[in-house]
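# Geometric and topological summary
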Amino acid sequence: MGVTGLWTLLEPAGKRVSVDTLRNKKVAVDASIWLVQFLKAMTDANSGDTLAHAHLLGFFRRLIKLMHLSVRPIVVFDGATPALKRRTLAERRRRREVQERRLTKAAEKLLGNRIKAHLLQKAKEAVGSMNQQKQK
């Protein structure tokens, strides 16, 4: 998500600063960026699944860290999604749905082939068994 090339555009105007320079200052924090970061980064080491309440844990830890460093965070939540982003999200959703349909179709075909192979094997075994009984 985000605006492609935004950081390149902002680079001439921006500079990295030490968190110490933010002491006793108010700092605006983009809640959406944090949410995405926490949901993607905070996963279970064994299963890879997102941790329960990752967004809350991440927010809490980061806010506590900033307050410990005497930085006063102001959490900003975006308003409604702009039209351009809505179109981008709709296109992503459409592509994801197409991929899901393709995956489902492939899985059904694979399952069908496995069932056919299994039935064919059972039929061969039955014919072999019948031939053995005829020979007796």
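As shown above, the structure is provided for reference.
Calculation rules
- Residues numbered from 1 in each chain as written.
- Predicted model: local features only at pLDDT ≥ 70, side-chain atom pairs only at ≥ 80, totals over all residues.
- Heavy atoms only, no water.
- Helix = DSSP H or I, 4+ residues; strand = E, 2+ residues; numbered from the N terminus.
- Rg over C-alpha atoms; globule rule 2.2 N^0.38 Å.
- Buried < 20%, exposed > 50% of the residue type's maximum accessible area, 1.4 Å probe, protein only.
- Contact = heavy atoms within 4.5 Å.
- Salt bridge = Lys/Arg side-chain N within 4 Å of Asp/Glu carboxyl O.
- Axes fitted to C-alpha atoms, helices over the stretch in contact; angles between N-to-C directions.
- Parallel < 35°, antiparallel > 145°, perpendicular 65-115°, else oblique.
- Left-handed = near helix turned anticlockwise from the far one by under 90°.
- Phe/Tyr/Trp six-rings, centres within 6.5 Å; stacked < 30°, edge-to-face > 60°.

## Here's the deal with the overall build of the chain
Counting its regular elements, the chain contains four helices and two strands. Beginning at the N terminus, the succession of helices and strands in the chain can be written as α-β-α-α-β-α. In terms of overall dimensions, the chain is more spread out than a globule: its C-alpha atoms have a radius of gyration of 28 Å, far above the 14 Å expected for 136 residues. A principal-axis box enclosing the C-alpha atoms of the chain has dimensions of 95 × 35 × 25 Å. A buried classification covers 9% of the 136 residues belonging to the chain. Restricting to contacts in the chain with at least 6 residues of sequence separation, those with at least 24 account for 63%.

## Observations regarding the pattern of salt bridges
One pass over the structure, following the stated rule, counts four salt bridges. Among the ionic pairs, Arg23 bridges to Asp20, the shortest N-O distance being 3.4 Å. Judged by relative accessible area, Arg23 falls into the partly exposed class, the value being 36%. Looking at Asp20, the relative accessible area reads 48%, which means it is partly exposed. Between Glu125 and Lys122 there is a salt bridge, and its shortest N-O distance comes to 3.9 Å.

## Quick word on the packing of helix 2 (residues 31–41) against helix 3 (residues 54–68)
Taken N-terminus to C-terminus, the directions of helix 2 and helix 3 make an angle of 120°; their axes are 8 Å apart at the nearest point. As judged from the angle between their axes, helix 2 and helix 3 are oblique. In this structure, helix 2 crosses over helix 3, and the sense of that crossing is right-handed. Along its contact with helix 2, which presents Ala31, Trp34, Leu35, Gln37, Phe38 and Leu39, the element helix 3 presents Ala54, His55, Gly58, Phe59, Arg62, Leu63 and Leu66.

## Observations regarding the packing of aromatic side chains
For the structure on display, the rule yields three aromatic pairs. Geometrically, the ring pair formed by Trp34 and Phe59 is edge-to-face, given 5.3 Å between the ring centres and 65° between the ring planes. In this pair, Trp34 is assigned in helix 2 and Phe59 in helix 3, connecting sequence segments 25 residues apart. For Trp34, a relative accessible area of 9% translates into the label buried. Three or more aromatic residues link up through ring pairs in this structure, and these residues are Trp34, Phe38 and Phe59.

Taken by themselves, the reported measurements are silent on function.
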